[in-house]
Amino acid sequence: MTVALLLYLCADATRTNCQVVRVESWYGPHAYERCVDVMLGVSNAMTATNRGRHRFVCEIMDEEAA
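No experiment lies behind these values; they were computed from the predicted model shown.

**Student:** Can you explain the overall build of the protein? Please cite residues and give values.
**Tutor:** Along its length, the protein carries 2 helices and 3 strands. Viewed in the frame of its principal axes, the protein has a C-alpha envelope of about 35 × 25 × 15 Å. Residues classed as buried in the protein amount to 30% of the 66 residues present. Pairs at least 24 apart in sequence give 57% of the contacts found in the protein among residues at least 6 apart. As displayed, the protein offers around 4,400 Å² of accessible surface, 52% of which is attributable to carbon and sulfur atoms.

Structure (structure tokens):
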């Protein structure tokens, strides 16, 4: 399994105008757990304002997208 950590950079808190940036990716049976660990760490390191406007997502990639 391949999992990508994506950052949604949004213009405001409505999250209607966002750009998606691939931050990191992992492959293997524990890929999702590794992504979630990193996602929680970087999300907690953000300021409250930035947490409201931007977000990190762990997304399982299909073989073609990976």
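**Student:** Give a description of the nonpolar core that names residues and reports values.
**Tutor:** Ranked by size, the top nonpolar core spans 10 residues in total: V3, L5, L7, W26, A31, C35, M39, M46, F56 and C58. Of all elements in the fold, only β1 (2-10), α1 (31-45) and β3 (55-61) reach the threshold of two or more residues within this core. Setting aside chain neighbours within four positions, we find A31 in contact with M1, V3 and W26. In this structure, A4, Y8, C10 and V57 belong to the second largest nonpolar core, which totals 6 residues.

**Student:** Would you mind going over the sheet that holds strand β2 (residues 18-27) in detail, with residue names and values included?
**Tutor:** What links the strands of a sheet is backbone hydrogen bonding, and the strands pair in either a parallel or an antiparallel sense. Pairing within the open sheet is antiparallel, and its 3 strands lie in the order β2-β1-β3. A strand with exactly one partner marks an edge of an open sheet, and here the two such strands are β2 and β3. Across this sheet, the average inter-strand angle for adjacent strands is 25°, counted without regard to direction. The sheet contact formed by β1 and β2 spans 9 bridges and is antiparallel. Across the sheet, L6 pairs through a bridge with R22, a residue of β2. Packing against the sheet, α1 makes contact with β1, β2 and β3, and its axis sits at approximately 170° to β3.

Definitions and cut-offs
- Residues numbered from 1 in each chain as written.
- Predicted model: local features only at pLDDT ≥ 70, side-chain atom pairs only at ≥ 80, totals over all residues.
- Heavy atoms only, no water.
- Helix = DSSP H or I, 4+ residues; strand = E, 2+ residues; numbered from the N terminus.
- Buried < 20%, exposed > 50% of the residue type's maximum accessible area, 1.4 Å probe, protein only.
- Contact = heavy atoms within 4.5 Å.
- Areas by Shrake-Rupley, 256 points an atom, 1.4 Å probe, with all protein chains shown as cover.
- Core = buried A, V, L, I, M, F, W, Y, C linked by side-chain atoms within 4.5 Å.
- Pairing = 2+ DSSP bridges.
- Axes fitted to C-alpha atoms, helices over the stretch in contact; angles between N-to-C directions.

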